[in-house]
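Tertiary structure, described
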Amino acid sequence: VADVYDGIYSGLRRPDSTEDNQCGIVVEQASNVNNGRWTCIIYNTQYGAFVGSKNLVITVAPTPTKMSPKQIIAYPGDQQEIECSVTAARPAVKITWTSNGRDITAHAKAVERHNIHDDTFMTLSTLHRVFHQDYNGKLECVIAHPTLDEPDVTFIPVTVYFSPVEKPDHTFFQIKLNSDYEVILSFSANPQPTALMWSFESNSQEMANHIQIPFNNGKFSTSLIIGDNGNYQVLLRVAEITNEDIETHFNLHVANEIGAADYSVMLSEAQDPI
């Protein structure tokens, strides 16, 4: 400290006040060489030496985030290993994972390694993920570090291919005769369906047995709404509901490259039992 106060060491000086800081020094324009443990020793003829230490961490911004693989293509039930790493930073970065906004860090394991040559830290986080049809979207690796104003986010696009998902038969209640009604049937599939067709089980000779989507003949009109992450809606509009419509089973066949599913809906004048 005496040598510092005498100005022997460049970049180090006496504090403006040493009244309550008798062993203090000021590091001016801190650089990488100042990183590490600083120790102050005060010698006293009666009590011996008093020793105090503090760690001075000179932060080093993280190197660019690396993720592997660059893209994920999977089928339901597939398990894959995904890596996210930062080669160097000081202190070590904190890595978390999110999937479509959900925190899934609990499924990952992180390891740190000290880079002796430059006194930085490498961090590698490995995520093990079993994919399902609702995992389409992106997988995000989030890096937090004191040098970053906001966490750094790197993502991998995720595509999960699956056949149309089966659903139980559904009945729409409280349908009024002579009114128009629009049936909305939601389903999920990936890739996009290549075949969509309504079929009707009815005693009426006037109703077509099958209609493709889209379709509009005045009595029936249909359309497909494409949503996000493999979600779809099929609309079936029935004009001027009759007793024959009430007794009809409306069946929807959906197929893509992976497989097919059939959905059935009915209209009812009755109150919803729920």
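Residues numbered from 1 in each chain as written. Predicted model: local features only at pLDDT ≥ 70, side-chain atom pairs only at ≥ 80, totals over all residues. Heavy atoms only, no water.

If you check an unreviewed UniProt entry, the protein appears there as Ig-like domain-containing protein from Meganyctiphanes norvegica.

For the protein, the count of helices and strands is two helices and 22 strands. For 274 residues, the compact-globule estimate of 2.2 N^0.38 gives 19 Å, and the C-alpha radius of gyration of the protein, at 34 Å, exceeds that figure by more than 25%. For the protein, the C-alpha atoms occupy an extent of roughly 115 × 35 × 30 Å along the three principal directions. Counting the 274 residues in the protein, one finds 34% classified as buried. Restricting the contact set of the protein to residue pairs at least 6 apart, pairs at least 24 apart contribute 59%. Looking at the protein as shown, the accessible area adds up to about 16,700 Å², and 49% of this sits on carbon and sulfur atoms. Separation between the mean location of the 17 positive side-chain charges and that of the 33 negative ones in the protein comes to 11 Å. (Helix = DSSP H or I, 4+ residues; strand = E, 2+ residues; numbered from the N terminus. Rg over C-alpha atoms; globule rule 2.2 N^0.38 Å. Buried < 20%, exposed > 50% of the residue type's maximum accessible area, 1.4 Å probe, protein only. Contact = heavy atoms within 4.5 Å. Areas by Shrake-Rupley, 256 points an atom, 1.4 Å probe, with all protein chains shown as cover. Lys, Arg positive; Asp, Glu negative; His and termini not counted. Charge placed at Lys NZ, Arg CZ, Asp CG, Glu CD.)

Glycine aside, residues mostly have negative phi, and peptide bonds are mostly found in the trans state. With an omega of 0°, the peptide bond running from S68 to P69 counts as cis. By the element assignment, P69 lies in the loop between β5 (66-68) and β6 (72-74). Going from R90 to P91, the amide bond is cis rather than trans, its omega being -10°. Among the structural elements, P91 can be located in the loop between β7 (79-86) and β8 (94-99). Non-glycine residue N100 carries a positive phi angle of around 50°. Residue placement: N100 occurs in the loop between β8 and β9 (102-103).

Let us now look at the sheet that holds β6. Spatially, the five strands line up as an open sheet ordered β6-β13-β12-β8-β9, and their pairing is mixed. Across the chains shown, the open sheet's two edge strands, defined by having one partner strand only, are β6 and β9. Where β6 lies against strand β13 (residues 152-160), three bridges are found, and the strand directions are parallel. Bridged to I72 within β13 is V158. (Pairing = 2+ DSSP bridges.)

This part covers the sheet that holds strand β20 (residues 231-238). One open sheet holds the four strands; their spatial order is β15-β20-β19-β18, and the pairing between them is antiparallel. Taken across any chain shown, the strands that pair with only one partner, and hence form the sheet edges, are β15 (181-188) and β18 (215-216). Sheet topology note: the strand β19 (residues 220-226)/β20 ladder contains seven bridges and is antiparallel. Its bridge partner lying in β20, F220 is registered against V238.

A word on the nonpolar core. Ranked by size, the top nonpolar core spans 25 residues in total, and within it F187, W198, L236, F250, L252 and L267 carry the most contacts. Elements with a contribution of two residues or more to this core: β15, β16 (195-201), β20, β21 (249-255) and β22 (260-267). If we skip the residues at most four places from it in the chain, L236 touches Y181, E182, V183, W198, F200, F220, S221, T222 and F250. (Core = buried A, V, L, I, M, F, W, Y, C linked by side-chain atoms within 4.5 Å.)

This paragraph deals with the pattern of salt bridges. When their charged atoms lie close together, side chains carrying opposite charge are able to pair. Per the stated rule, a full pass over the model turns up five salt bridges. One salt bridge connects R13 with D16, and the closest N-O pair in it is separated by 3.4 Å. Look at D16 and you get exposed, because its relative accessible area is 76%. Connected through salt bridges with shared partners, the residues R13, D16 and E28 form a single ionic network. (Salt bridge = Lys/Arg side-chain N within 4 Å of Asp/Glu carboxyl O.)

Attention shifts here to the UniProt feature "domain: Ig-like" (unreviewed entry) in the protein. Those places that UniProt annotates as "domain: Ig-like" (unreviewed entry) correspond, in this numbering, to residues 62-154. Overall, residues 62-154 shows 0% helix and 56% strand. The separation of its end C-alpha atoms is 13 Å. (UniProt positions renumbered as here; feature names shortened; annotations may be inferred.)

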